[in-house]
Amino acid sequence: MTHAFILGAAGMVGARLAAKVAASGSIGGHKLDRLTLADIVEPRTPDAIADGLAVTTMAADIAKRETADAIVGMKPDIIVHLAAVVSGEAEVDFDKGYSVNLQGTLNLLESLRAAQHAPRLVFTSSIAVFGTPFPPSIPDEFHHTPLTSYGTQKAMSELLIADYRRKGLVDAIGIRLPTIVVRPGKPNKAASGFFSGIIREPLNGLEAVLPVDPDVRHWMASPTSAVGYLEHAASLDTDRLGGRPNLTMPGLSVTVREEIECLEKLAGKEAVDLIRHEPDEQIIKMVDGWAQSFDARRALDLGFTTDADFEAIVRLYAEDEGIKLKG
């Protein structure tokens, strides 16, 4: 039997993963007898819990070394590390971004090294590790040139993950997530939040602000796909990664204009009319340095999968939220 620890379980993706794992009593094919959920604020206990599974929740600040020591002291067999300060907040609060996104990861790795405990560690990185200029489709081998503090922190953490794995100190895999859309609930401080907002708000009868040009193209995936990536990474034979444990997840290359066209198809022109174009120079500058398309064949060859198309993403969101579409 196995103990899984989800760090960042109060976030949108973490909570979805926690709910699925708790209900099934397994992750990536591993039968669990224990599941621990942690975040900076204590996560809620999932509604459905499989028979025989003990679920514990706790508040945990990974920026503190003693927190990492306590986590490792529980001897989890699988750690899913989702804890992070999001892109926009990391750019504004330089100290907080480095404290959580870099030092927090280093704390966890150092605690594992000190305890001589080498579990499966699934680290969530980001496509923000790449920066312009780009080739038309970015391969895994493309060099890291992040243009934000968040991307820099994730790139540095990828190097740490690779080195600690090389030394046999952890069985690690790093997965670079696409931007996740459509995110439910209220907007967070991620600079990419408008990719969700221009769909989510109109579908809920609310006005949305579009801060960039409609021709902006970006790499996206649904929350359902994100959970699937994490589950697959938890069970993947990491020997297949060779010396490169960090890889880009498959996704969809979609323009803002294509998002809006999909919204009109599924919800009508009245939904589109709720989008107000209001350029934001700070966000425009950040987005101009983001990747648009990836060659994710390495992840695909390793069994990772993603959404069929953007319409499927919107339909998943509507189904989850109980929203009736017209199209």
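Structure first, text after, so check above.
Keep in mind the model is a prediction, meaning the values are calculated, not measured. (Residues numbered from 1 in each chain as written. Predicted model: local features only at pLDDT ≥ 70, side-chain atom pairs only at ≥ 80, totals over all residues. Heavy atoms only, no water.)

**Details of the packing of helix 2 (residues 65-73) against helix 4 (residues 94-115)**
Interaxial distance between helix 2 and helix 4 falls to 8 Å at its minimum, and their mutual angle equals 50°. By the angle between their axes, helix 2 is oblique relative to helix 4. Every pair of crossing elements has a handedness; the one defined by helix 2 and helix 4 is right-handed. In this structure, helix 2 contributes Arg65, Ala68, Asp69, Ile71 and Val72 to the contact, and helix 4 contributes Asn107, Leu108, Glu110, Ser111, Leu112, Ala114 and Ala115. Taken together, the residues of the contact of helix 2 with helix 4 break down into seven nonpolar, two polar and three charged. (Axes fitted to C-alpha atoms, helices over the stretch in contact; angles between N-to-C directions. Helix = DSSP H or I, 4+ residues; strand = E, 2+ residues; numbered from the N terminus. Parallel < 35°, antiparallel > 145°, perpendicular 65-115°, else oblique. Left-handed = near helix turned anticlockwise from the far one by under 90°. Contact = heavy atoms within 4.5 Å. Nonpolar A, V, L, I, M, F, W, Y, C, P; charged D, E, K, R; others polar.)

**Let's talk about the sheet that holds strand 8 (residues 179-180)**
Here three strands make up an open sheet; going across it, the order is 8-10-12 and the pairing mixed. The open sheet is flanked by strand 8 and strand 12 (252-255), the only strands paired with a single partner. With two bridges joining them, strand 8 and strand 10 (residues 217-221) adopt parallel strand pairing. Bridged to Ile180 within strand 10 is Ala221. (Pairing = 2+ DSSP bridges.)

**Some remarks on the packing of aromatic side chains**
Counted according to the given criterion, the structure contains six aromatic pairs. An angle of 45° between the planes, with centres 4.9 Å apart, marks the rings of Phe94 and Tyr98 as tilted. Placement of the pair is Phe94 and Tyr98 together in helix 4, with a separation of four residues, close to one helical turn. Members of the aromatic cluster, connected to one another through ring pairs, are Phe130, Phe134, Phe142, Trp219 and Phe294. (Phe/Tyr/Trp six-rings, centres within 6.5 Å; stacked < 30°, edge-to-face > 60°.)

**Digging into the environment of His30**
Structurally, His30 can be placed in strand 3 (residues 30-39). Expressed as a C-alpha distance, the spacing of His30 and Ala234, which sit 204 residues apart in the sequence, is 8.5 Å. Each residue touching His30, except ones within four places of it in the same chain, is listed here: Thr2, Gly25, Ile78, Ala234 and Ser235.

**Looking at the nonpolar core**
Residues Ile173, Ile175 and Phe304 are the most contacted members of the largest nonpolar core, which totals 36 residues. Mapped onto this core, the elements with two or more residues apiece are strand 1 (2-7), helix 1 (12-24), strand 3, strand 5 (78-81), strand 7 (171-177) and helix 7 (223-235). Setting aside anything within four residues of it in sequence, one finds Phe304 in contact with Ile173, Ile175, Tyr229, His232, Ala233, Leu236, Leu247, Met249, Pro250 and Ala299. Counting residues in each nonpolar core, the second largest holds 35 residues, with Phe195, Ile283, Ile313 and Leu325 among its members. (Core = buried A, V, L, I, M, F, W, Y, C linked by side-chain atoms within 4.5 Å. Buried < 20%, exposed > 50% of the residue type's maximum accessible area, 1.4 Å probe, protein only.)

**Brief notes about helix 12 (residues 310-321)**
The end-to-end C-alpha separation of helix 12 is 17 Å, in line with the 16 Å expected for twelve residues at 1.5 Å each. Those residues of helix 12 that are buried lie in contact with helix 6 (194-203), strand 10, strand 12 and helix 8 (256-267). The N-terminus of helix 12 is capped by Asp309, whose side-chain oxygen sits 3.3 Å from the backbone nitrogen of Glu311. Downstream of helix 12 by one or two residues, Gly322 has phi in the positive range, about 70°. (Expected span 1.5 Å × (residues − 1). Polar contact = N/O pair within 3.5 Å; in protein donor to acceptor, adjacent residues only side chain to side chain.)

**Focus: unusual backbone geometry**
Thr132 connects to Pro133 through a cis peptide bond whose omega is 0°. Looking at the element boundaries, Pro133 is found in the loop between strand 6 (120-126) and helix 5 (149-166). Here the residue pair Val181 and Val182 is connected by a cis peptide bond, since its omega of 0° sits within 30 degrees of zero. Locating Val182 in the fold gives a position in the loop between strand 8 and helix 6. The backbone of Lys75 sits at a positive phi, close to 55°, despite the residue not being glycine. Checked against the element boundaries, Lys75 lands in the loop between helix 2 and strand 5. Despite not being glycine, Gln116 has its phi angle at roughly 55°, a positive value.

**A few points about the side chain of Asp39**
Relative to the elements of secondary structure, Asp39 occurs in strand 3. Although Asp39 lies buried, it forms no salt bridge, and the closest oppositely charged side chain, Arg183, sits 9.9 Å away as judged by the N-O distance. Setting aside residues up to four positions removed in sequence, Asp39 forms contacts with Gly8, Ala9, Ala10, Gly11, Met58, Ala59 and Ala60. (Lys, Arg positive; Asp, Glu negative; His and termini not counted. Salt bridge = Lys/Arg side-chain N within 4 Å of Asp/Glu carboxyl O.)

Fair warning: the whole summary comes from geometry, so function is off the table for now.
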